[in-house]
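Per-entry structural report
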Amino acid sequence: MKILVIGGGGREHALVWKLKQSARVEKIWCAPGNGGIAGEAECVPVDPGDVPALVALAERFAPDLTVVGPELPLVNGLTDAFARRRWPVVGPSQQAAQLEGSKIFSKEFLERHAIPTAKRYGCFDSAAQARAALANVAWPLVIKADGLCAGKGVLVAGDREEAADFLTRVMEKDELGPAGRRVLLEEGLAGDELSFIILTDGQRYAPLVPTRDHKRAFDGNRGPNTGGMGAYSTDDLLPEALRATIVSTIVDPTLRGLATDGIPYQGFLYIGLMLTPSGPKVLEFNCRLGDPETQAIVARMDFDLAEVLADVAAGRLDPAKLRWKPGASACVVLASGGYPGKYESGKRIDGLTTITDNSGVKVLHAGTKIVNDAIVTSGGRVLGVTASGPTLAAALQAAYQAAGKIRFEGMHYRKDIGAAAAPGGD
Ligand code: AMP
Ligand code: GLY
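Residues numbered from 1 in each chain as written. Chains lettered and ligands numbered in written order. Predicted model: local features only at pLDDT ≥ 70, side-chain atom pairs only at ≥ 80, totals over all residues. Heavy atoms only, no water.

This next bit is on the overall build of the protein chain. Helices and strands together make up the secondary structure of the protein chain, namely twelve helices and 22 strands. Its C-alpha radius of gyration of 21 Å places the protein chain within 12% of the 22 Å reference for a compact globule of 426 residues. Once the C-alpha set of the protein chain is aligned to its principal axes, its extents read approximately 55 × 45 × 45 Å. Burial statistics for the protein chain: of 426 residues in total, 56% are counted as buried. A fraction of 68% describes how many contacts in the protein chain between residues 6 or more apart in sequence connect residues 24 or more apart. Of the accessible surface of the protein chain, which amounts to about 17,200 Å², a share of 49% is contributed by carbon and sulfur atoms. Placing the 47 positive and 49 negative side-chain charges of the protein chain at their respective mean positions leaves the two points 1 Å apart. (Helix = DSSP H or I, 4+ residues; strand = E, 2+ residues; numbered from the N terminus. Rg over C-alpha atoms; globule rule 2.2 N^0.38 Å. Buried < 20%, exposed > 50% of the residue type's maximum accessible area, 1.4 Å probe, protein only. Contact = heavy atoms within 4.5 Å. Areas by Shrake-Rupley, 256 points an atom, 1.4 Å probe, with all protein chains shown as cover. Lys, Arg positive; Asp, Glu negative; His and termini not counted. Charge placed at Lys NZ, Arg CZ, Asp CG, Glu CD.)

Turning next to the sheet that holds strand β5 (residues 89–90). Pairing is parallel in the open sheet, where five strands are placed in the order β3-β2-β1-β4-β5. Both outer strands of the open sheet, β3 (42–43) and β5, are each paired with one neighbouring strand and no more. On top of the sheet, helix α1 (residues 10–20) reaches β1 (2–7), β2 (27–32) and β4 (65–68); it is set at about 170 degrees to β1, its chief contact. Packing against the sheet, helix α11 (residues 305–313) makes contact with β1, β4 and β5, and its axis sits at approximately 95 degrees to β4. (Pairing = 2+ DSSP bridges. Axes fitted to C-alpha atoms, helices over the stretch in contact; angles between N-to-C directions.)

Taken N-terminus to C-terminus, the directions of α1 and α11 make an angle of 105 degrees; their axes are 7 Å apart at the nearest point. Taken together, the axes of α1 and α11 are roughly perpendicular relative to one another. Residues Leu 15, Lys 18 and Leu 19 of α1 form the contact with α11, whose participating residues are Leu 305, Ala 306 and Leu 309. (Parallel < 35°, antiparallel > 145°, perpendicular 65-115°, else oblique.)

What follows concerns the site of ligand 2. Contacts to ligand 2 come from Asp 213, Gly 227, Tyr 270, Asn 286, Arg 288, Gly 290, Asp 291, Pro 292 and Glu 293. Between ligand 2 and Gly 227 there is a distance of 3.3 Å, counted from a nitrogen atom to a backbone nitrogen or oxygen. The separation between a nitrogen atom of ligand 2 and a polar main-chain atom of Asp 291 is 2.9 Å. Compared with its free state, where it exposes 200 Å², ligand 2 has 90% of that area covered by protein. For the shell around ligand 2, the residue count by class is two nonpolar, three polar and four charged. (Near = heavy atom within 4 Å. Polar contact = N/O pair within 3.5 Å; in protein donor to acceptor, adjacent residues only side chain to side chain. Nonpolar A, V, L, I, M, F, W, Y, C, P; charged D, E, K, R; others polar.)

In terms of nonpolar packing, the biggest core is built from 69 residues, with Leu 334 and Ile 406 touching the most fellow members. The element that contributes the greatest number of residues to this core is helix α12 (residues 392–403), accounting for seven residues. Judged by nonpolar contacts, the second largest core, of 35 residues, contains Val 90, Val 209, Val 308 and Leu 364. (Core = buried A, V, L, I, M, F, W, Y, C linked by side-chain atoms within 4.5 Å.)

What follows concerns the packing of aromatic side chains. On inspection of all chains with the given rule, the structure shows six aromatic pairs. Ring geometry for Trp 29 versus Phe 61: centroids 4.4 Å apart, planes at 0 degrees, classification stacked. Of this pair, Trp 29 sits in strand β2 while Phe 61 sits in helix α2 (residues 51–61), and the two are 32 residues apart along the sequence. Here Trp 29 and Phe 61 have matching classes, each one buried. The ring of Trp 87 carries the charged tip of Arg 85 above its face, separated from the ring centre by 5.6 Å. (Phe/Tyr/Trp six-rings, centres within 6.5 Å; stacked < 30°, edge-to-face > 60°. Lys NZ or Arg CZ within 6 Å of the ring centre and 35° of its normal.)

This part takes up the site of ligand 1. Taken together, 15 residues form the shell around ligand 1, and within it Glu 186, Leu 189, Glu 193, Lys 215 and Glu 284 come nearest. Here an oxygen atom of ligand 1 sits 3.1 Å away from a polar atom, N or O, in the side chain of Lys 103. The separation between an oxygen atom of ligand 1 and a polar side-chain atom of Glu 284 is 2.6 Å. Protein contacts shield 90% of the accessible area of ligand 1, which totals 470 Å² for the unbound molecule. For the shell around ligand 1, the secondary-structure elements that each account for two or more residues are β7 (141–145), β8 (154–157), β9 (183–187) and β17 (279–286).

As enumerated under the stated definition, the model contains 29 salt bridges in all. A salt bridge links Arg 131 to Glu 172; its shortest N-O distance comes to 3.3 Å. Residue Arg 131 is found in helix α7 (residues 127–133), and its partner Glu 172 is found in helix α8 (residues 160–172); the two are separated by 41 residues along the sequence. When its relative accessible area of 26% is taken as the criterion, Arg 131 is described as partly exposed. For Glu 172, a relative accessible area of 46% translates into the label partly exposed. (Salt bridge = Lys/Arg side-chain N within 4 Å of Asp/Glu carboxyl O.)

Our next topic: unusual backbone geometry. With omega at 25 degrees, the peptide bond leading from Asp 291 into Pro 292 counts as cis. The peptide bond linking Tyr 339 to Pro 340 adopts the cis configuration, its omega dihedral lying at 10 degrees. Despite not being glycine, Ala 114 has its phi angle at roughly 55 degrees, a positive value. Topologically, Ala 114 is positioned in the loop between α6 (103–112) and β6 (120–124). Of the residues examined, Ala 114 reaches a relative accessible area of 66% and is grouped as exposed.

What follows concerns the sheet that holds strand β15 (residues 230–234). If you walk across this open sheet you meet the five strands as β12-β15-β18-β22-β19, and the pairing is antiparallel. Strand pairing shows two members of the sheet lacking a second neighbour, β12 (212–213) and β19 (361–365), which therefore form its edges. Alignment of β12 against β15, held across two bridges, turns out to be antiparallel. When the bridges of β15 are listed, Arg 212 appears paired with Tyr 232. With respect to the sheet, α12 is in contact with β15, β18 (328–335), β19 and β22 (381–389), its orientation differing from that of β18 by roughly 25 degrees.

That's the geometry; what it means functionally is another story.
Printed below as a string of structure tokens:
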């Protein structure tokens, strides 16, 4: 098989790494890829949001399968363009990708199908009306910009002043562009979060192993929200009773709802959950795999990913093929100084060669590139040090030990990934 992977972050490095392990894969291209992916696939400098350019690329390469990592190509209609040409691709249609592309579409879908979610206070396209609505909400309040905002579109506001300031910035000063001109106000939920991701061919589905992301920048869940500072996976995250509840109250109604609404869904569906005292509730849908959840998920895969994804594209997913390593995995994200705010790029990364692939640790690259044969930083989240092990404590220990060998100017990372679930494990 020849495979085209779209995207250039840690998630895509994880996918490329795993796809390459398949005996049936002879060639992988990645658009645009990054400094780590370049060691395992042929990187081609094409913007993942540019559907016509990606169609032209696929025309030239004629891949047997295209796997889409990020949301932007999906929301821009990449899979529709491929499906029209009968090219095998994994990822939902533009219409289905609205589950992520519009928070209001997603909230209406959840309400229409009675799927547990945070109560909606209202949707607004006028900042004055949204500010007036602040008089009648409970705190904390959650404000969500409707469109895609690369992780910057959600505020959990503790008080009216903070909320009003955010509304002014996104709705009047256009800090998030057109994506912020409409907002959704909803109830703030409390609890532990869980990322529950399924893979579906539109008929059958298979759940991936459960993961937990760490969204805040600093230890103890302090600081601003980020794209994700680390993730772990263990089966303990999902006791059988909780799994049964999630399947019956959320997954089944979601798949039935999509069918009822006439929205075929093929690809990965990420269900972001809050485990509240009154049961699991949906925080968000993403039309793709999570990042850094994917790094932790791939580390536990014990099946041929290329075969399974080809099955999905052909509409013949066999859920029994998805087998998982017991135990646990963890991914610790090493970020640039200043991230998620302003940061500098172009810093040389040292220590990478001290970590060999057979150490059980894999350093997955996100914001890196190669300049004059050296690997330098080129993004906010730079590397995801990923390990698996018989226990979460063992996986965390291996990941942190390797992280300690890597250096670049300004590097910071959380020291407490998975710590709440594996006391003393890091
Ligand atoms: P989203 O992009 O919708 O997942 O939101 C990003 C993050 O904001 C989530 O992972 C949660 O940490 C937080 N969040 C979103 N919605 C809520 C909510 N209703 N209550 C509390 N936190 C939320
Ligand atoms: N890690 C959360 C996300 O990928 O949206």
